[in-house]
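Observations on chain architecture
Here is how the chains run, residue by residue.
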Amino acid sequence: MGGVHRPVPNRETYLARWATLHGGYDPANGLWLVRAWLGLIHRLASPFAALRVPPSAVTAAGVALVALAVPAAATGGRWPLLGVAALLLGGLADSVDGAVAVLTDRVSAWGYVLDSVADRCGDALCLLALWYLGAPGGLVVAAGVALGLLEYTRARAGCAGFAEIGVVTVGERPTRLIVAGFGLAGAGVVPGLAGTVAGAAAGGTLAVAVIGLGQLTVTVRAALAGDGQGGDRPAD
């Protein structure tokens, strides 16, 4: 029933549902910044939820928005500034899609997988944009490998019973989007230094991914060892 408005759960109901899906973490008693962010996302997601827009459509739109950063970077000049706006909107869509799923009771295992795949596509697009701006190919590949290892470790840890909300590292996707955004912004403001700025952004992505991987590995190792699952070679 497209186009028909439905009652949307209020902010408190949304926060309660969000907490249930994130290991019981209660944003009402957590960091104020988390509450403020979730409140903003609830406000942005409510119109889509009222119209019963499929969460997968919001996910696809988010990837499409991030993809706009690639031709903007390839064009050069001031165009990378458009890429910054694309990353900002794509990052918002990455949170709004999950909120729409929560508000419309459409949370599913398939949606979780789709969102993860979309995030990895977004990561690749950000690195591709930096490469087009002039970042060294080897540095871009190294950053891609590092962030891939970070997310793979998180996924395997989740399969082993580690709670997703258990650790927030310095290398989370919002941080990586911000780093890429600074690279695009710098290239747009000073086109003559696009390659240097893009290289710095690629190096920053590599750095936060490596540090995040270290943080996650230490935390996961301690948590799983404490659960009696810390053997050197678990069964495949």
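The model shown is predicted, which means the values in this text are computed figures rather than measured ones.

Criteria and cut-off values
Every chain begins its residue count from 1, and numbering advances along the sequence as written. Only residues with pLDDT of at least 70 get local features here, since the model is predicted, and only at 80 or more are side-chain atom pairs given and counted; chain-wide, interface and lining totals rely on the full set of residues. The side-chain quantities take in all heavy atoms of the structure and omit both hydrogens and water. Looking at any residue, its pLDDT shows the predictor's confidence there, from 0 to 100. Numbering of helices and strands runs from the N terminus; a helix is a DSSP stretch of H or I covering at least four residues, while a strand is a stretch of E covering at least two. Like charges within 9 Å and nonpolar side chains (Val, Leu, Ile, Met, Phe, Trp, Tyr) within 5 Å are joined into patches, using only residues over 30% in relative accessible area that form no salt bridge. For accessible areas, the Shrake-Rupley method is used with a probe of radius 1.4 Å. Any residue's cover is judged against the shown protein chains and nothing else. Salt bridge, as applied in this entry: a Lys or Arg side-chain nitrogen positioned within 4 Å of an Asp or Glu carboxyl oxygen. Pairing of N or O atoms within 3.5 Å defines a polar contact, subject to two protein rules: one partner must be a possible hydrogen donor and the other a possible acceptor, and residues neighboring in sequence count only if both atoms are side-chain atoms. Any two residues whose heavy atoms approach within 4.5 Å at even a single point are treated as in contact. Think of it in three bands: residues with accessible area under 20% of the maximum for their type are buried, residues over 50% are exposed, and the middle band is partly exposed, with areas taken using a 1.4 Å probe on protein chains only.

All right, on to the confidence of the model for the chain then. Looking at the chain, the pLDDT average stands at 88 and 88% of residues meet or exceed 70. Ranking the elements of the chain by mean pLDDT puts helix H1 (residues 11–21) last with 84 and helix H4 (residues 69–75) first with 97.

Attention now moves to a nonpolar patch on the surface. Taken together, the side chains of Leu81, Val189, Val190 and Leu193 present a nonpolar region at the surface, about 320 Å² in accessible area. Here Leu81 shows up in helix H5 (residues 80–103).

With that settled, the discussion passes to the side chain of Ser46. With respect to the secondary-structure elements, Ser46 resides in helix H2 (residues 32–50). At 2.6 Å, the side chain of Ser46 and the backbone oxygen of His42 are in polar contact. If near-sequence neighbours (up to four positions away) are discounted, Ser46 is found in contact with Val8 and Leu103.

Let's shift gears to the pattern of salt bridges. Applying the stated criterion to the full structure yields 11 salt bridges. With its nearest N and O atoms 3.0 Å apart, the salt bridge here joins Arg120 to Asp123. Taken together, the residues Arg120 and Asp123, both in helix H6 (residues 109–133) and 3 residues apart, mark about one turn of the helix. Given the relative accessible area of 28%, Arg120 is considered partly exposed. Residue classification places Asp123 among the buried positions, given a relative accessible area of 5%. Put simply, Glu151 and Arg176 hold a salt bridge, and the shortest N to O gap is 3.2 Å. Highlighted residues: Glu151 in helix H7 (residues 137–159) and Arg176 in helix H8 (residues 173–189), separated in sequence by 25 residues.

Summarising the element assignment, Gly203 is placed in helix H9 (residues 194–226). Its relative accessible area of 25% is what places Gly203 among the partly exposed residues. Along the chain, Gly203 and Ala135 lie 68 residues apart, while their C-alpha atoms are 8.9 Å from each other.

A few words on the environment of Gly212. Here Gly212 lies in helix H9. Gly212 gets classed as buried once you look at its relative accessible area, which sits at 0%. When near neighbours in sequence (up to four residues on either side) are disregarded, Gly212 contacts Leu150, Thr169, Val170 and Gly171.

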